[in-house]
Amino acid sequence: MNLYKYVSDSINEKLGFKANLETPKNRDFGDFSTNAAMVSAKTEGKNPRELAAQIAPKLQELDFVENVSIAGPGFINIKIKNDFILQNAVAPKQMIATKPLTIDMDYGAYNVAKSLHIGHLRTSIVGDTFNRITKFLGHKTFSWNHIGDWGKPMGLIIAWIERLHPELPYFQDDFDPKTPVDYEIDEKELNNYYPSASAFAKENSEFQARAQEIKAKFQAGHPGYFALYEKFLAISLRTMNNTVQRLNILPFDYDLGERNAAKYLEPVEQILRAKNMIYESDGAQVINVKRDTDTAPMPPYMWRDSRGADTYDSTDLAAVYCRKQVDNPDRIIYFTDLRQSLHFEQLFRAADMSGIYPYDKFEHIGYGTINGKDGKPFKTRDGNAAGLDDIIDIANEAVKARVAESGKKLDDETIKIIALAAVKFNDLLHDVKSDYIFEPSAITSFEGKTGPYILYTAVRLNSVLKRANGDFSKPHEYALTTEERSLLIEIMDFEKTLLSAYENRATDMIANYAYDLCQLTNNFYHNCPILRDDIPTDIKAGRLYIAKLAFDTLSTAIDLMGLKIPSEM
RNA sequence: GCGCCCAUGGCUCAAUUGGAUAGAGCAACAGAUUUCUAAUCUGUGGGUUGCAGGUUCGAGUCCUGCUGGGCGCGCCA
């Protein structure tokens with residue numbers, strides 16, 4: 001049961017108007033409080049405490065209310081009956097949305113032939129968790145990994161391979177796709193091609209021009225370039241799949257990016273031309289997305305650059321058109337770096353103006369950067385910008401060291417699970433749009449508000465449940481201790497938390513909830529022994545029931561965060 | 001120059017979207033273990049919420065101005 005909703009609805013019905021229900025910061029005041037008296041005192045010109053005194057007796061009549069009190073300037077505090085809490089607390093399960101939506105979520109956005117950078121970590125983790133929460137609430141979602149598989153980098157990579165292996169037949173204009181070619185690309189080498197080529201192109205204009213020429217011919221359908229492209233694309237897709245597994249995120253519904261979107265450029269261009277939206281500016285084909293109300297300069301949306309090539313502006317718009325055709329979503333949500341805000345503002349306007357997709361159904365969730373202690377983007381020990389793998393490796397080493405220090409023996413798989421939890425939980429814990437500081441030392445200590453703490457709580461609960469090996473049925477009567485009571489109320493708060501996390505697009509809420517739940521669970525665990533010999537049977541049964549509820553709730557939260565519970569730690 | 005975001009104990013972050021005495025973790029100090037897993041639990045100290053005004057019963061939260069930081073501003077994605 002969603003206790004908050006139940007109490008709120010009951011109170012509104014009883015009072016005949018909508019009262020604002022809150023859970024006091026200080027739980028000593030009560031389980032819930034309402035400022036109804038203060039709000040209506042204002043409109044009615046009456047004394048709030050007098051009004052509260054009139055309202056309170058009505059609330060006292062509700063069968064789940066233990067007592068009602070008036071405090072401060074006119075707060076009405078409500079305490080819920082223990083038995084009501086015990087009888088109605090349930091473990092969360094998949095919900096049915098009252099108004100189910102279809103939502104396209106764009107996150108991941110991995111690149112072909114380019115190892116994942118640190119930013120991919122946040123888009124993957126936050127996007128995945130938000131996706132899971134949305135599904136859990138009963139909405140239909142489609143996740144799109146909008147792969148960078150079409151633009152300028154492809155030209156550079158092909159040009160680079162041409163430079164390394166000019167003898168390969170792919171570079172001949174009359175290449176026959178059926179020709180068998182004895183050439184394999186090494187995955188690790190492939191990841192270096194783009195950075196190397198990109199750097200080389202900057203100082204070598206001849207190579208730069210060659211890459212551009214290749215890109216144009218490639219996009220026009222050059223068979224040899226395309227055959228080569230398909231070769232490294234396959235490797236990249238495999239790498240991406242490994243990343244998905246390594247991060248334990250849900251498989252994407254679509255691994256379709258720029259190349260796929262490019263197929264929709266023509267119909268989109270027809271729409272734009274029909275509306276006279278495209279005009280020439282400095283040799284490029286652009287769309288004006290300014291509004292009269294703009295106070296900031298609004299650059300035009302770049303449909304084609306001055307060389308006539310697609311841009312990421314055009315493929316992004318085409319991708320929207322594609323999604324409209326394929327999923328017909330009620331909303332499209334992008335999870336990308338905050339710095340792309342202007343681009344998305346332009347995209348949303350262009351889509352809206354062209355009638356392809358309405359402005360108010362788009363959302364851009366921009367995330368901040370992961371920084372080191374110095375406040376600048378996190379670097380590895382050798383001073384290079386850290387990649388996604390670096391982060392996970394660093395966490396792995398830290399966990400391994402900590403485990404060795406403790407004298408415990410955990411297998412590599414368990415260590416990986418713990419390290420990933422450390423990284424992911426830490427990421428989810430922070431407000432999406434703000435930068436956060438990644439401190440390996442904070443993870444090394446494994447104390448406090450961390451992923452390992454969450455897992456540890458689940459593991460020790462699980463250990464009791466396994467050991468009990470009994471049934472966990474609800475007791476008819478059981479006198480709750482304060483620890484048990486607080487824990488059950490927190491469990492009943494789960495649904496409300498999920499709804500807020502969804503509505504606010506705030507994945508940190510689930511992480512913070514999980515932490516609070518763990519604190520209360522550990523408190524319960526510590527103060528309410530279950531399987532000890534001196535514990536009477538009825539108390540044992542009651543506590544086992546509560547422990548099971550706590551475990552089910554916690555494991556659901558853990559699952560929504562894309563973490564795994566190890567068998568021991 | 002224009003625009004967006006941010007500023008909360010020594011450090012890293014919260015604060016139910018305007019509510020009561022601003023909460024957690026780390027670090028510091030003091031305790032708890034014949035263990036259902038101590039990667040745990042309990043306690044103590046630590047704050048003029050960057051500064052100055054304003055709005056109202058009530059402001060960390062809203063409005064204005066300042067100070068200090070981050071980011072963005074047509075052919076890279």
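Located above this text is the structure these notes cover.
Residues numbered from 1 in each chain as written. Chains lettered and ligands numbered in written order. Predicted model: local features only at pLDDT ≥ 70, side-chain atom pairs only at ≥ 80, totals over all residues. Heavy atoms only, no water.

**A closer look at the overall build of chain A**
- Helix and strand content of chain A: 21 helices and 13 strands.
- In terms of its C-alpha atoms, chain A occupies a principal-axis envelope of roughly 85 × 65 × 45 Å.
- Classification of the 569 residues of chain A by burial places 52% in the buried group.
- For chain A, long-range pairs separated by at least 24 residues make up 74% of all intrachain contacts whose partners lie at least 6 apart in sequence.
- When the 67 positive and 80 negative side-chain charges of chain A are each reduced to one mean point, those points stand 3 Å apart. (Helix = DSSP H or I, 4+ residues; strand = E, 2+ residues; numbered from the N terminus. Buried < 20%, exposed > 50% of the residue type's maximum accessible area, 1.4 Å probe, protein only. Contact = heavy atoms within 4.5 Å. Lys, Arg positive; Asp, Glu negative; His and termini not counted. Charge placed at Lys NZ, Arg CZ, Asp CG, Glu CD.)

**Digging into the nonpolar core**
- In this structure, I161, F232 and L317 are the most contacted members of the largest nonpolar core, which totals 180 residues.
- Beyond its immediate stretch of four places on either side in the chain, F232 contacts V112, M154, I157, I158, I161, I185 and L190. (Core = buried A, V, L, I, M, F, W, Y, C linked by side-chain atoms within 4.5 Å.)

**Here we look at the protein's contact with RNA strand B**
- As a structural note, the neighbourhood of RNA strand B is formed by 64 residues, with E258, Y456, R460, N504 and Y525 the closest of them.
- Interatomic distance of 2.9 Å between a backbone N/O atom of D282 and a base nitrogen of RNA strand B.
- With seven residues, the single largest contributor to the surface near RNA strand B is helix α17 (residues 451-468). (Near = heavy atom within 4 Å. Polar contact = N/O pair within 3.5 Å; in protein donor to acceptor, adjacent residues only side chain to side chain.)

**Considering helix α8 (residues 205-219)**
- Between the first and last C-alpha of α8 there are 21 Å, a value that for 15 residues agrees with the 21 Å anticipated at 1.5 Å per step.
- Among all positions of α8, only F207, A211, I214, K215 and F218 are buried. The buried residues of α8 occupy one face: seen down the axis, they fall within an arc of 105°. Exposed side of α8, more than 90 degrees from the buried face: S205 and E206 are the residues found there.
- Against α6 (152-164), α7 (187-203) and α9 (223-247) lie the buried residues of α8.
- One or two positions beyond α8, positive phi appears at G221, with a value near 105°. (Expected span 1.5 Å × (residues − 1). Arc of directions from axis to C-beta.)

**A short note on the sheet that holds strand β10 (residues 331-337)**
- A sheet is described by the order of its strands in space; here four strands give the open sequence β6-β5-β10-β11, paired in parallel fashion. Pairing within the sheet leaves two strands with one partner each, and these edge strands are β6 (140-144) and β11 (362-367). Direction aside, the axes of adjacent strands within the sheet are offset by 20° on average.
- The pairing of strand β5 (residues 102-106) with β10 spans four bridges and is classified as parallel. Bridge assignment links I103 to a residue of β10, and that residue is R331.
- Of the strands in this sheet, β10 and β11 touch helix α13 (residues 341-353), which is tilted by about 175° from β11. (Pairing = 2+ DSSP bridges. Axes fitted to C-alpha atoms, helices over the stretch in contact; angles between N-to-C directions.)

**Observations regarding the sheet that holds strand β3 (residues 65-71)**
- The strand order β1-β2-β4-β3 describes an open sheet built from four strands, whose pairing is antiparallel. Two strands in the sheet have a free side with no partner beyond their single neighbour: β1 (21-22) and β3.
- In the sheet, β3 pairs with strand β4 (residues 75-80) via six bridges, with the strands oriented antiparallel. Residue pairing in the sheet places V65 in a bridge with I80 of β4.

**Describing the packing of α17 against helix α20 (residues 508-527)**
- The N-to-C vectors of α17 and α20 enclose an angle of 40°; their axes lie 10 Å apart at closest approach. Regarding the angle of α17 to α20, the classification is oblique. Of the two possible hands of crossing, α17 and α20 adopt the one that is left-handed. Contact residues: α17 offers Y453, I454, T457, R460, L461 and V464, while α20 offers A514, Y515, C518, Q519, T521, N522 and Y525.
- In terms of residue class, the contact of α17 with α20 is made up of eight nonpolar, four polar and one charged. (Parallel < 35°, antiparallel > 145°, perpendicular 65-115°, else oblique. Left-handed = near helix turned anticlockwise from the far one by under 90°. Nonpolar A, V, L, I, M, F, W, Y, C, P; charged D, E, K, R; others polar.)

**A short note on helix α3 (residues 48-60)**
- With 13 residues, α3 extends 18 Å between its outermost C-alpha atoms, agreeing within 8% with the 18 Å of an ideal straight helix rising 1.5 Å per residue.
- Along α3, the residues classified as buried are L51, A52, I55, A56 and L59.
- At its buried positions, α3 is contacted by α1 (3-15), α2 (36-44), β3 and β4.

**Some remarks on the pairing of strand β7 (residues 278-281)**
- Judged from the four bridges that link them, β7 and strand β8 (residues 284-287) form a sheet pairing that is antiparallel. Its bridge partner lying in β8, E280 is registered against Q285.
- The antiparallel pairing of β7 with β8 creates a hairpin that spans two residues between the two strands, and D282 there sits at a positive phi of about 50°.

**Considerations on the packing of aromatic side chains**
- Inspection of the entire model under this criterion finds 32 aromatic pairs.
- Plain terms: the ring middles of Y110 and F252 are 5.9 Å apart, the flat faces sit at 85° to each other, and that makes the pair edge-to-face. On the criterion of sequence distance, the pair formed by Y110 in the loop between β5 and α5 (118-136) and F252 in the loop between α9 and α10 (258-262) is long-range, its members being 142 residues apart.
- By relative accessible area, which is 0% here, Y110 ends up buried. (Phe/Tyr/Trp six-rings, centres within 6.5 Å; stacked < 30°, edge-to-face > 60°.)

**Remarks on the packing of α17 against helix α21 (residues 537-560)**
- Interaxial distance between α17 and α21 falls to 10 Å at its minimum, and their mutual angle equals 140°. Regarding the angle of α17 to α21, the classification is oblique. Crossing geometry of α17 relative to α21 is assigned as left-handed. Residues I454, L455, T457, A458, L461, N462, L465 and A468 of α17 lie in contact with α21, whose contacting residues are L544, A547, K548, A550, F551, L554 and I558.
- When grouped by side-chain class, the residues that make up the contact of α17 with α21 number 12 nonpolar, two polar and one charged.

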